[in-house]
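# Structural overview for review
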Amino acid sequence: KMFADVLRRSVRDGDLVGRWGGEEFVIVLDGRDALFGTEVVERIRTNLSSTCRVKGTATVTASFGISDSTMAGSFDQLVRIADDALYQSKEDGRDRGTIGDPMRVKKAVPRRNAEHLAAMNLDDLREAEPQPTA
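## A few points about the overall build of the protein
Scanning the protein for helices and strands turns up five helices and four strands. Tracing the protein from N to C terminus, the helices and strands come up as α-β-β-α-β-α-β-α-α. Within the protein, buried positions represent 34% of all 134 residues. Total accessible area on the protein is roughly 8700 Å²; 50% of this is exposed by carbon and sulfur atoms.

## Here we look at the pattern of salt bridges
Per the counting criterion, the structure on display carries five salt bridges. When the shortest N-O distance is used, the salt bridge between R9 and D5 registers 3.3 Å. With R9 and D5 both in helix α1 (residues 2-10), this residue pair falls four residues apart, about one helical turn. With a shortest N-O distance of 2.5 Å, R45 and E42 are connected by a salt bridge. With R45 and E42 both in helix α2 (residues 34-55) and three residues apart, the pair spans about one turn of that helix. On the basis of relative accessibility, which here comes to 37%, the residue E42 falls in the partly exposed class.

## Some details on α2
Here α2 spans 31 Å end to end across 22 residues, near enough to the 32 Å set by a 1.5 Å rise per residue. Of the surrounding secondary structure, the elements contacted by the buried residues of α2 are α1, β2 (24-28), β3 (64-66) and β4 (97-99). The backbone nitrogen of L35 has a side-chain oxygen 3.3 Å away, supplied by the residue at the start of α2, namely D33.

## Some remarks on the side chain of S10
Position of S10 relative to the elements: it lies in helix α1. In this structure S10 comes out as buried when scored by relative accessible area, which is 1%. Contact partners of S10, with chain neighbours within four places excluded, come to V40, R43, I44 and N47.

## Describing the environment of I44
Looking at the secondary structure, you find I44 in helix α2. Taking the relative accessible area as the measure of exposure, I44 reaches 0% and is therefore buried.

## Some points on the pairing of β2
A one-sided burial pattern is seen for β2, the buried positions being E24, V26 and V28 and the unburied ones F25 and I27. For strand β1 (residues 16-21) and β2, the ladder comprises five bridges, and the chain directions are antiparallel. Across the sheet, the residue bridging to G18 is V26, located in β2. Hairpin remark: β1 followed by β2, antiparallel, with two residues in the connecting loop; positive phi at G22, about 60°.

## Overview of the nonpolar core
Counting 19 residues, the largest nonpolar core has V40, I44, L48, F64, M71 and I81 as the members making the most contacts within it. Of all the secondary-structure elements, those providing two or more residues to this core are α1, α2, β3 and α3 (75-91). The leading source of residues in this core is α2, at seven residues. If sequence neighbours within four positions are ignored, I81 has contacts with S67, M71, A72, G100, D101, P102 and V105. Formed by five residues, the second largest nonpolar core is a distinct cluster that contains L16, V26, V28 and V79.

## Quick notes on the packing of α1 against α2
Where α1 contacts α2, the axes come no closer than 9 Å and their chain directions differ by 135°. Taken as axis vectors, α1 and α2 run oblique relative to one another. In terms of crossing hand, the pair formed by α1 and α2 is right-handed. The residues of α2 that touch α1, namely those facing M2, F3, V6, L7, R9 and S10, are V40, R43, I44, N47, L48, T51, C52 and K55.

Definitions and cut-offs
- Residues numbered from 1 in each chain as written.
- Predicted model: local features only at pLDDT ≥ 70, side-chain atom pairs only at ≥ 80, totals over all residues.
- Heavy atoms only, no water.
- Helix = DSSP H or I, 4+ residues; strand = E, 2+ residues; numbered from the N terminus.
- Buried < 20%, exposed > 50% of the residue type's maximum accessible area, 1.4 Å probe, protein only.
- Areas by Shrake-Rupley, 256 points an atom, 1.4 Å probe, with all protein chains shown as cover.
- Salt bridge = Lys/Arg side-chain N within 4 Å of Asp/Glu carboxyl O.
- Expected span 1.5 Å × (residues − 1).
- Contact = heavy atoms within 4.5 Å.
- Polar contact = N/O pair within 3.5 Å; in protein donor to acceptor, adjacent residues only side chain to side chain.
- Pairing = 2+ DSSP bridges.
- Core = buried A, V, L, I, M, F, W, Y, C linked by side-chain atoms within 4.5 Å.
- Axes fitted to C-alpha atoms, helices over the stretch in contact; angles between N-to-C directions.
- Parallel < 35°, antiparallel > 145°, perpendicular 65-115°, else oblique.
- Left-handed = near helix turned anticlockwise from the far one by under 90°.

Keep in mind these values describe shape, not function.
The structure is reproduced here in C-alpha cells:
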C-alpha cells in the first residue's frame, strides 16, 4: 500500500501504473522518452526512501528497467526490453534504474519460457485507469 501511494505521488496525472505480477509493476509514461523515465525512477526511489524514514518502516528499495517507444514496435517487445534492463539493474546492485538495450534483447536467449504469468496489454491498462470522482 505504501509503494502504491509513492507511485501515485511520483507520476503525472494520466500516466498509467499497474501491477504486472508478483512484485513487478509497469509504468507507462505516455509521450515521454527513456531519459524522462530515469527522472521518474529517481523520483520514485527518493520518495520511497523518504516515506520509509517518515513512517519508521524498514528500508524498501526498488529496481527498474526502462524502455521507450523508439526501441521497438510493439508493447510486448518494449516489456521484454524493460524486463531485461530490470535484471541488469538487479545484477548491478539493485535500487537503481537501467535503460534497456534493444540489441541486447534481440541477441539474448529468453530468461524463462513465459515472460510474465500476467498477460497485459496497453488497452487493459487504460480500462483499469481510475475514473475521476464527482
